[in-house]
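Given next are the chains, with one letter for each unit.
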Amino acid sequence: MSKPVLYYAKLSPPARAVLLTAKAIDLELELKPINLMKGEHLTPEFIKINPQHTIPTLVDGDAVVYDSHAICAYLVEKYAKDDQLYPKDLVKRALVDARLHFDSGHLFARLRFLYEPILYYGSTDCSMDKIAYIQKCYEIMEQFLKTEPYLCGDVMTIGDFCCLATVTSVNEVAPIDEFKFPNVLAWLTRMAELPYYMETNEEGAEELKNLFKEKLAENRGAK
């Protein structure tokens, strides 16, 4: 049986969420790197696979799945030995789904609002308003984590993986105040203890943050 194929970029937070999920369920993927900065996701060949031309994209036999949240759910449903990461219980699953939507609609959307113009369009706008807009998400997460170690309760889920990949990609530009958000920082520390954390997330997160700083400096120097 052939391995599922993942088109990904290491610096992509959504791609790293999928890598975290695959490692957690001990699933080996065939990895196909896509260079976003060179526009490899915009080639006719890739658009034929995924008309949205987004990373990550999963090809599993005849199935093509895109959007990281959908991919994470799909992989757990099909390949995990149990449903802990994405519960079958409707109430528990609804909570995980809510956290996935929190990532896509709030956390990642605000990271993209800040990063994309600078990475791709020569912008120099790294305003305090955009940074504060991201930090507003930490206030919500602090409440999620007020009485529980993970975003959906006492067990880790794909909701944690997706939010983790985003937060660790922007936490230098939009710092997490240790006095305002101790629960968020404790959660990050807890997640960083995963044996596969460094290879699946930390390296790519650092790569993205460094690229952001380089592009911002380059854009400002060009003005």
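Please read all numbers here as calculations on a predicted model, not as lab measurements.

The rules behind the values
- Residues numbered from 1 in each chain as written.
- Predicted model: local features only at pLDDT ≥ 70, side-chain atom pairs only at ≥ 80, totals over all residues.
- Heavy atoms only, no water.
- Helix = DSSP H or I, 4+ residues; strand = E, 2+ residues; numbered from the N terminus.
- Expected span 1.5 Å × (residues − 1).
- Contact = heavy atoms within 4.5 Å.
- Polar contact = N/O pair within 3.5 Å; in protein donor to acceptor, adjacent residues only side chain to side chain.
- Pairing = 2+ DSSP bridges.
- Axes fitted to C-alpha atoms, helices over the stretch in contact; angles between N-to-C directions.
- UniProt positions renumbered as here; feature names shortened; annotations may be inferred.
- Core = buried A, V, L, I, M, F, W, Y, C linked by side-chain atoms within 4.5 Å.
- Buried < 20%, exposed > 50% of the residue type's maximum accessible area, 1.4 Å probe, protein only.
- Domains from an automatic or database assignment.
- Salt bridge = Lys/Arg side-chain N within 4 Å of Asp/Glu carboxyl O.

A.B. asks: Can you walk me through helix α3 (residues 68-79) in this structure?
C.D. replies: A turn of α-helix holds 3.6 residues, and therefore any two residues three or four places apart point the same way. With 12 residues, α3 extends 16 Å between its outermost C-alpha atoms, agreeing within 8% with the 16 Å of an ideal straight helix rising 1.5 Å per residue. Buried-residue contacts for α3 involve α1 (13-24), β3 (57-60), β4 (63-66), α4 (90-120) and α6 (158-167). The N-capping residue of α3, defined by a side-chain oxygen 2.9 Å from the backbone nitrogen of H69, is D67.

A.B. asks: Honestly, the sheet that holds β4 in this entry has me stumped. Any pointers?
C.D. replies: The pairing of strands in a sheet comes from backbone hydrogen bonds and takes either a parallel or an antiparallel form. A sheet is described by the order of its strands in space; here four strands give the open sequence β2-β1-β3-β4, paired in mixed fashion. Each of the sheet's edge strands pairs with one partner strand only, and the pair in question is β2 (30-33) and β4. The mean angle between the axes of side-by-side strands here comes to 20°, regardless of whether they run parallel or antiparallel. Sheet topology places β3 next to β4; four bridges connect them, and they run antiparallel. The residue bridging T57 from the neighbouring strand is Y66, located in β4.

A.B. asks: Teacher, can you tell me more about the UniProt feature "domain: GST C-terminal" (unreviewed entry) in the protein chain here?
C.D. replies: UniProt feature "domain: GST C-terminal" (unreviewed entry): in the numbering of this structure it lies at residues 89-212. The span residues 89-212 is 69% helix and 0% strand, and its two end C-alpha atoms sit 40 Å from each other.

A.B. asks: What is the right way to read the nonpolar core from this model?
C.D. replies: Grouped together as the largest cluster of nonpolar side chains are 72 residues, with contacts concentrated most on Y115, M141, I158, F161, W187 and F212. Per-element accounting of this core gives the leading share, nine residues, to α4. There are two domains that each give this core at least three residues, and those are domain 1 (5-79) and domain 2 (90-222). Beyond its immediate stretch of four places on either side in the chain, W187 contacts M141, L145, P149, Y150, L151, D160, C163 and L164.

A.B. asks: Just to check I follow, could you spell out the pattern of salt bridges for this structure?
C.D. replies: Under the definition given, this model contains 13 salt bridges. We note a salt bridge from K10 to E203, for which the minimum N-O separation is 2.7 Å. Note that K10 is positioned in the loop between β1 (5-8) and α1 and E203 in helix α8 (residues 197-222), a separation of 193 residues in sequence. Here K23 and E199 are joined by a salt bridge, their closest N and O atoms 3.8 Å apart. A residue pair is termed long-range when its members are at least 10 positions apart, and K23 in helix α1 and E199 in helix α8 qualify at 176 residues. Judged by its relative accessible area of 40%, K23 is partly exposed. A network of salt bridges, in which partner residues are shared, links E172, E206, K209 and K213.

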